[in-house]
Amino acid sequence: MILVLVVFLLLLFFGIPVGFSLGISGVFYFIQHPELPLATIVQLPISQTQSVTLLAVPLFIFAGSLMNSSGITNRLIKLSMQLAGHMRGGMAQVSVVLSTLMGGCSGSSNADAAMEARILGPEMLNQKYPRGYTAVVIGFTSLITSTIPPGVGMILYGTVGEVSIGRLFTAGIMSGLIMMTAFMITVAITARIRNFPKARETRASLKEIATSLKDTIWALIFPIVLIGSLRLGLFTPSEVGAFACIYALFVGFFIYKEMTIQSLLVTLKEAIRDIGAIMFMISMSAIFAYGIPMDQIPQKLTTLITGFTTSQFVVMAIIFFLYVIFGMFMDGSIVILLLTPILMPIIRVVGIDPVLFGVVTSIIVTMGILTPPVGIAMYIVNGILNVPMSEYLKESIPFFIVVILVGAVLLLIPNIILFLPNLLYGVA
């Protein structure tokens with residue numbers, strides 16, 4: 001596997017797309033082991049996607065695209081402005097609240113970052129926010145979106161790690177609210193120090209907020225409907241994904257009446273492009289990961305780490321470091337697919353709850369989209385807002401630290417996020 005990893009990193013260094021890098025480097029394992037049939041190389045990508053649970057991934061991606069084009073986004077922006085616009089650093093606080101509300105709709109941090117950079121970014125620049133700060137706030141707050149269900153990363157983790165997706169989604173709501181609180185405190189402190197303006201001078205009245213809540217109720221109740229249907233056994237995770245698509249179509253065509261056949265076709269094309277890219281990487285990861293169990297990498301790594309320490313906090317610190325490094329070079333979905341089978345035996349040995357580990361994994365791994373050299377969301381927001389990399393990196397330091405601290409707090413006080421899944425599903 002060492003040769004496979006070296007080839008993979010070299011291909012990434014030369015700019016080969018991640019999916020192709022995974023597939024090409026994985027072939028080298030078969031070259032090292034001529035006794036293995038080459039036909040397996042063709043079979044692995046197909047068998048990797050033959051999972052009913054994994055079907056939830058393209059369905060939720062499509063549902064997220066439908067939600068964004070159904071008219072929900074504009075209503076959530078209005079509600080966010082009413083809830084947080086009166087605070088110091090109002091537009092930055094609006095970004096935090098909007099990302100939290102969008103979590104139940106898109107489930108994609110990249111999509112959320114792109115949307116907010118185009119809609120909120122120009123207004124923040126008009127209000128004299130520094131370009132780097134604007135990009136960092138919009139980028140880092142988008143992490144909340146992938147934590148609150150339906151997050152694709154949690155579906156992949158639950159599928160690969162054989163962990164209840166319902167429990168993961170339930171814990172994700174709490175972790176998303178904790179991240180929202182942490183980011184709002186960070187924005188409040190930096191806004192007061194740097195004297196950033198308010199987005200609106202007066203606090204919104206209860207009547208205004210109630211009116212906006214009425215307009216956005218279809219988006220706000222979706223995570224609750226999703227978790228409730230899973231808990232009651234009405235749907236499997238894949239069936240919930242299909243239900244989410246129908247739900248978004250119903251809201252767009254019959255409630256808000258902003259979706260048309262033409263906009264549906266555009267949304268469908270965008271979803272096909274996104275689904276194709278993600279599913280290609282998932283299928284190619286099967287070739288790359290084939291040698292991991294063959295070479296007993298999980299067992300060897302478990303022995304190595306537990307021989308050094310059995311402290312949960314130290315083990316998670318090591319895993320944090322691995323996630324940050326891997327997240328810098330590849331998509332978070334691939335990191336979850338590749339590392340979860342390797343790390344799951346370790347966390348079970350040291351006694352870390354798999355649901356807690358999944359939530360922390362989703363947070364830390366997704367942060368890779370905001371770090372160089374290949375952070376997708378980082379390049380999206382910097383490109384849209386024309387932000388120099390040096391300015392972005394300088395402004396990102398406090399937010400990077402906050403994300404790490406949130407992960408550490410969740411590990412130190414796991415009941416903060418585990419009490420709700422334990423309440424609904426019972427203690428695992």
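Computed from a predicted model, the values in this text were never measured in an experiment.

(A) Seen up close, a nonpolar patch on the surface. A contiguous nonpolar surface patch, about 940 Å² in accessible area, is contributed by Ile2, Val6, Leu10, Phe13, Phe14, Ile16, Phe20, Ile24 and Phe280. At the level of elements, helix H1 (2-13) and helix H2 (18-32) are the ones that each hand at least two residues to the nonpolar patch. In terms of residues, the nonpolar patch owes the most to one element, H1, which gives four residues. With respect to the secondary-structure elements, Phe14 resides in the loop between H1 and H2. Given a relative accessible area of 63%, Phe14 falls into the exposed group.

(B) Representation of the packing of helix H4 (residues 56-69) against helix H11 (residues 152-161). Orientation of H4 relative to H11, taken along the N-to-C sense of each, is 170°, at an axis distance of 10 Å. With respect to their mutual orientation, H4 and H11 come out roughly antiparallel. Of the residues in H11, those in contact with Ala56, Val57, Phe60 and Ile61 of H4 are Val152, Ile155 and Leu156. Residues of the contact of H4 with H11, tallied by class, amount to seven nonpolar, no polar and no charged.

(C) Here's a closer look at the pattern of salt bridges. Scanning the model with the defined rule gives two salt bridges in all. Glu258 is paired through a salt bridge with Arg75; the nearest N and O atoms lie 2.9 Å apart. Here the residue Glu258 occupies a position in the loop between helix H15 (237-255) and helix H16 (261-289), and Arg75 occupies one in helix H5 (residues 72-84), the gap between them amounting to 183 residues. Arg194 is paired through a salt bridge with Glu395; the nearest N and O atoms lie 2.9 Å apart. One end of the pair, Arg194, is in helix H12 (residues 165-194); the other, Glu395, is in helix H23 (residues 389-412), with 201 residues separating them in the sequence. You can call Arg194 partly exposed: its relative accessible area is 35%.

(D) Examining the nonpolar core more closely. Formed by 140 residues in total, the largest nonpolar core has its most connected members in Phe140, Phe183, Tyr323 and Phe357. Other than its neighbours up to four places away in sequence, Phe357 contacts Tyr157, Met316, Ile319, Tyr323, Leu343, Ile347 and Ile352.

(E) Seen up close, the environment of Ile416. Relative to the helices and strands, Ile416 resides in helix H24 (residues 415-425). Ile416 sits 241 residues away from Ser175 along the chain, and the two C-alpha atoms are 8.2 Å apart. Excluding residues that lie within four positions of it along the chain, Ile416 makes contacts with Met174, Ile178 and Val409.

(F) Highlighting the confidence of the model for the protein chain. Summing up the model confidence of the protein chain, the mean pLDDT is 83 and the portion of residues at 70 or higher is 98%. The lowest-confidence element of the protein chain is helix H18 (residues 297-308), averaging 77 in pLDDT; the highest-confidence one is helix H9 (residues 131-141), averaging 91.

(G) Molecular detail of helix H14 (residues 222-231). Listed in full, the buried residues belonging to H14 are Phe222, Pro223, Leu226, Ile227, Ser229 and Leu230. Taken end-on, H14 shows its buried residues confined to a sector of 160°, consistent with a single buried face. If you follow the buried residues of H14, they end up packed against H4, H12, helix H13 (206-220), H15 and H24. Of the residues flanking the end of H14, it is Gly233, one or two places downstream, whose phi is positive at about 75°.

(H) Spatial organisation of the packing of H12 against H24. At a minimum axis distance of 8 Å, the contact between H12 and H24 shows a crossing angle of 145°. Crossing of H12 against H24: the hand is right-handed. For the pair H12 and H24, the contacting residues are Gly166, Arg167, Thr170, Ala171, Met174, Ser175 and Ile178 in the first and Ile416, Ile417, Phe419, Leu420, Pro421, Asn422, Leu424 and Tyr425 in the second. Of the residues assigned to the contact of H12 with H24, the class counts are ten nonpolar, four polar and one charged.

About the cut-offs
- Residues numbered from 1 in each chain as written.
- Predicted model: local features only at pLDDT ≥ 70, side-chain atom pairs only at ≥ 80, totals over all residues.
- Heavy atoms only, no water.
- Patch = residues over 30% accessible without salt bridge, like charges linked within 9 Å, V, L, I, M, F, W, Y side chains within 5 Å.
- Areas by Shrake-Rupley, 256 points an atom, 1.4 Å probe, with all protein chains shown as cover.
- Salt bridge = Lys/Arg side-chain N within 4 Å of Asp/Glu carboxyl O.
- Helix = DSSP H or I, 4+ residues; strand = E, 2+ residues; numbered from the N terminus.
- Buried < 20%, exposed > 50% of the residue type's maximum accessible area, 1.4 Å probe, protein only.
- Axes fitted to C-alpha atoms, helices over the stretch in contact; angles between N-to-C directions.
- Parallel < 35°, antiparallel > 145°, perpendicular 65-115°, else oblique.
- Contact = heavy atoms within 4.5 Å.
- Nonpolar A, V, L, I, M, F, W, Y, C, P; charged D, E, K, R; others polar.
- Core = buried A, V, L, I, M, F, W, Y, C linked by side-chain atoms within 4.5 Å.
- pLDDT = per-residue confidence, 0-100.
- Arc of directions from axis to C-beta.
- Left-handed = near helix turned anticlockwise from the far one by under 90°.

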